[in-house]
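Observations on the three-dimensional arrangement
Listed below, chain by chain, are the residues.
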Amino acid sequence: MTVKILLFFTFYLMSVGGGASREVAGYPGGGVLIKCKYERSCTSNPKYFCKSSWTTCGDQIKTGVSNERKNTGRFSLFDNTRAAEFWVLIRDLTVEDSGTYQCAVDIEWNKDLYTPVELKIKEDLDQKKSITVNGHVGESVRASCKYPRSSSSKPRFLCRRVGSADCNYKASVKESRRWIKEGKFSLYDDRAQQTFTVSIDNLTNEDSGEYWCGAESDWESDHGYKVYITQIKLTVTAAVPHSTFSPSSVQTQPTHLPNFSAIAPRSVHPEPTHQLTNLLIYITGGLVIMVITLLVAMTAFYKHKKNAKKSKAPVEMTPLNIMPTNPRENISKSTEIPSADDCIYQEIDEQQGPAMESTVNTIYSTAEGPTDPSVYSTIDESTDNRILLSPP
């Protein structure tokens, strides 16, 4: 680190045109871009930026090759020889970074040229240092950045930083409550609410990266600077197919911007009343299906029961006449008197000598019941061929 001895510090500032110190305001976690002008006769001289005390100035960063960016830790320096100015970027500011710095031109064999800068880091508890937002390809996202009231009158911008390079942008908002559109970027500043809102349309994977909400302070003048207040980390992923039940996304640009406190994809969500209506439709449909199913089941059950009753026909009972298995047994006295319509069949064995045991002739005869109760008996033909009836 090069150390410059500053003797008669005030004399140097007045004699080389340094003038009074100018103030630069920054915020913790953010950054500042400081512009340092110099004489065109010094375009080929090295430049450096240092933090000074009463007698010394320790180099924070020093140029190398002209018109090329030099990076050292949190410091970056770019010497724009065409405009006869160099820019110093300080990132990740802390309260300890507050103090007096010098924009210096190294003059060989002579006194260096110095321009003092008073850097003040202001703590703001309401300010968000960083915001993360996720989006899908083809959709849009919106981000809102709060800023301190002390910077409410300054023009606002959204820039994108790649690596340690400067944060580039093409448009800034200089009026309150007026949309400024630049390509796919739209900017809106509400100074009454101290809210700067940006939107990015038609997202692509290349839009992923680091963005900053910032403000300009007399940037067109010789002693202007830019302050980076809130970091936006944007991640873009592949598009998600829409559900058939979700409404299509609708996006309109309002005339008066509402106060957004977070970053979210710009899509219109269904109202609670619509959700309740859909729920009632599903419940009613389910109940109707259950009732129809129950009616069909009951109809089938009663029809089956009716068919089962018809299939059960009455069984006609036929009286069974029991005849004795042995025709030679005597019939005992009957307790019931058969009617005249009853038919009784009787087997009679006819014997013709000894050979009749092998041949049995069956004779069927119909006998009508007598008017008087009688007892019938079977008589072997070998003894007597007559049938005897005995009175009761």
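Summary of the structure given here. In this text, all values refer to a predicted model and were calculated from it rather than measured experimentally.

Conventions adopted
- Residues numbered from 1 in each chain as written.
- Predicted model: local features only at pLDDT ≥ 70, side-chain atom pairs only at ≥ 80, totals over all residues.
- Heavy atoms only, no water.
- Buried < 20%, exposed > 50% of the residue type's maximum accessible area, 1.4 Å probe, protein only.
- Helix = DSSP H or I, 4+ residues; strand = E, 2+ residues; numbered from the N terminus.
- Pairing = 2+ DSSP bridges.
- Core = buried A, V, L, I, M, F, W, Y, C linked by side-chain atoms within 4.5 Å.

What follows is about the pairing of strand E8 (residues 85-90). Along E8, six of the six residues are buried, which leaves the element largely enclosed by surrounding structure. Here E8 shows a buried face lined by Glu 85, Trp 87 and Leu 89 and a second buried face lined by Phe 86, Val 88 and Ile 90. Where strand E3 (residues 31-37) and E8 come together, six bridges link them in antiparallel fashion. Directly across from Val 32, in E8, lies its bridge partner Ile 90. Relative to E8, strand E7 (residues 75-80) runs antiparallel, the two being bridged by six bridges. Bridged to Phe 78 within E8 is Trp 87. Hairpin connection of E7 to E8: four residues between the antiparallel strands, including Ala 84 at a positive phi of 55 degrees.

Core analysis: the largest hydrophobic core is formed by 45 residues, its most contacted members being Val 32, Phe 49, Ile 90, Ile 232 and Leu 234. No other element matches the six residues that strand E19 (residues 225-237) contributes to this core. Counting residues in hydrophobic clusters, the runner-up holds ten residues, among them Trp 87, Phe 157, Trp 212 and Trp 219.

What follows covers unusual backbone geometry. Residue Asn 202 is not a glycine yet carries a positive backbone phi of 50 degrees. For Asp 218, which is not glycine, the phi torsion reads 50 degrees and is therefore positive. Along the polypeptide, Asp 218 turns up in the loop between strand E18 (209-217) and E19.

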